[in-house]
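What follows is the residue order along each chain.
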Amino acid sequence: MSSETSAVKNLDEVEKISQLENYDDKLGLDSLNTSDGDAALQLVGAQAAVQFSEEYNRKLRRKLDLVIPPISAAVYFCQYLDKTSLNYASIMGFPIVNQNYNLVSMAFYLGYLFWEFPTVYISQKLRLAKYLGGNIVVWGILLMLHASTDNFGAFFTLRFLLGMCESCVAPCLILIISMFYKKDEQAQRIAWFYIMNGLTQVFGGFVAYGISFYAGNVLPPYKIIYILLGGLAVVIGIIVLIWLPDSPVNASMLTKEERIAALERVRNDQGGTENKKFKKDQVIEALTDPRTWLVVLSTILTSIPNGALSNFSNIIVKSFGYTSKQTLILSTPGGIIGSAMVIFCGWYADKKNERMIPIVFALVPTIVGAAILIGMNGSSNKGVLLFATYIIGTFGSALSTIYAYNASNTGGHTKKVTINAMTMATFSIGNIIGTEIFQPKDAPAYIPGKTAIMVLLIVQLFVSFLLRWINVRLNRKRKAHLADLKAQRGWTDEDVQKERERHAFADLTDRQNIFFVYTC
């Protein structure tokens, strides 16, 4: 019996050594090839050569915070206003109605979907912020052109092109945040720009309310909306072109010492920075990673409600018996509540190093709100119905947390842009479906659409817990592998830190890099 036990032990040891040798080969522990590494290696090298104090890093972070989050927020503010301009136009004399209105609404997301993968791979080859700024200027011009037509075909084409231009926004901003900020800082910074989704609901509502008093002697009110928002987009695009940095390597707003410090600040996170080389193996890994498909599923489950509510929320409120002017004002508190949830979820995600639990926090009020709207359909209690429409928008912060999840849990630049593209392409598909779940035949209650929202988000609760469980399990296994590797090679803690530094900017994927730690 003892000989059998010994044989089993020996077999286990052989298997463990074989696994570690496979890690050696895969991770290049003996001969790491940095020729395909990140651009950061040109500035800081494979090993940290200089240390910066906590006070220095805090000052640097404050300097970054004065530029990157505010400009990112301005971009998102502009994008969401432009994207939902149709929602305001719908009750301000917009000439396209019924099923054609649904099709025009869908056109934006068709363009978004069509151009998502090309735009992220083009952006990988170019200066990230410059590419983003150019797209913003073009979409501003396209938006102003909306005021030049009353024709369904022209509106459909312009919305399609608008979707193409706006498809680069989230992937570019997520990459920029992930390059400049540590993992425990990313969710809050993403929340700082994603909060604009809610604030634009407030701002846009009041602007549209003011314009609605205009009699339309020269231009219909909805055309004024398009001209104003398009002009704003052009201005913000120019600001991005001039001031938003592309990466820590070439950030003109930083001195050379600060650029080095910015890179060293994020080195231990193992997320890497930019890499201009397209790597097919990283695309394959992204497509074969089960977590990718769970992120895709999460995105579509939250995007279908987004597509429905971003275009029909004002119509729902108006169905309670309010006038168009009253609807514009009464819809604004929902934006404030949604913004508060975004900030809370971003803070909680970084404070507790969590990603999935904040999503659960965001979904529950929406599920409750949808249930109230279904259960109290036809009620004369407008206060309760309005309250339900206010809390139904909290699910929006789930998508910002998915963005943060991608930023914190993906290594390898090509893998990052691939997963971001898949996320945003799925976002587009979900929104396309969402525009169709509120059918004209179901007006004004839209019970099937509201029921679909409730069911989809309940399913998303279970997907969130599954993703969290997978990351916890991966971290546990990786920690055990690293302990075995440390014992086998006789590494000290200092040796482990040197290897961690050496792998940080080698453009390894999260699977390839044993030092990568997942955020749950």
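Scroll up for the structure.
Quick look at the structure, then. Being a predicted model, the structure only gives us computed values, none of them experimental.

Describing the environment of Met 196
Now for step 1: Within the secondary structure, Met 196 is located in helix α11 (residues 196–211).
Now for step 2: Judged by its relative accessible area of 14%, Met 196 falls in the buried class.
Now for step 3: Each C-alpha atom, one on Met 196 and one on Tyr 76, is 6.1 Å from the other, the two residues being 120 residues apart in sequence.
Now for step 4: For Met 196, the contacting residues outside a window of four places in its chain are Ala 73, Tyr 76 and Phe 77.

Remarks on the pattern of salt bridges
Now for step 1: Applying the stated criterion across every chain, the model contains 21 salt bridges.
Now for step 2: The salt bridge partner of Lys 223 is Asp 150, with a shortest N-O separation of 3.5 Å. Linking Lys 223 in helix α12 (residues 221–243) with Asp 150 in the loop between α7 (128–145) and α8 (152–166), this pair joins segments that are 73 residues apart in sequence.
Now for step 3: Residue class for Asp 150 comes out partly exposed when judged on its relative accessible area of 49%.
Now for step 4: A salt bridge links Glu 499 to Arg 502; the shortest N-O distance between them is 2.9 Å. Linking Glu 499 with Arg 502, this pair stays in helix α23 (residues 493–504), spanning 3 residues, or about one helical turn.
Now for step 5: Owing to a relative accessible area of 12%, Glu 499 belongs among the buried residues under this scheme.
Now for step 6: The buried category is assigned to Arg 502, whose relative accessible area is 17%.
Now for step 7: Through salt bridges with shared partners, a single ionic network connects Glu 285, Asp 289, Arg 291, Lys 415 and Asp 510.

Describing the packing of aromatic side chains
Now for step 1: Considering all chains together, one arrives at 24 aromatic pairs under this definition.
Now for step 2: Relative to Tyr 112, the ring of Phe 108 lies with its centre 5.9 Å away and its plane at 45°, an arrangement referred to as tilted. Separated by 4 residues within a single helix, Phe 108 and Tyr 112 lie in helix α6 (residues 98–125), roughly one turn from each other.
Now for step 3: Taking relative accessible area as the criterion, Phe 108 reaches 0% and is therefore assigned buried.
Now for step 4: Residue classification places Tyr 112 among the buried positions, given a relative accessible area of 1%.
Now for step 5: On the numbers, 5.1 Å between centres and 75° between planes, the contact of Tyr 348 with Phe 361 is edge-to-face. Remark: Phe 361 occurs in helix α18 (residues 356–375) and Tyr 348 occurs in helix α17 (residues 332–351); sequence separation between them is 13 residues.
Now for step 6: Tyr 348 sits in the buried class, given a relative accessible area of 18%.
Now for step 7: Assessed through its relative accessible area of 31%, Phe 361 is described here as partly exposed.
Now for step 8: Members of the aromatic cluster, joined through ring pairs, are Phe 94, Tyr 101, Phe 155, Tyr 222 and Tyr 226.

Conventions used here
- Residues numbered from 1 in each chain as written.
- Predicted model: local features only at pLDDT ≥ 70, side-chain atom pairs only at ≥ 80, totals over all residues.
- Heavy atoms only, no water.
- Helix = DSSP H or I, 4+ residues; strand = E, 2+ residues; numbered from the N terminus.
- Buried < 20%, exposed > 50% of the residue type's maximum accessible area, 1.4 Å probe, protein only.
- Contact = heavy atoms within 4.5 Å.
- Salt bridge = Lys/Arg side-chain N within 4 Å of Asp/Glu carboxyl O.
- Phe/Tyr/Trp six-rings, centres within 6.5 Å; stacked < 30°, edge-to-face > 60°.

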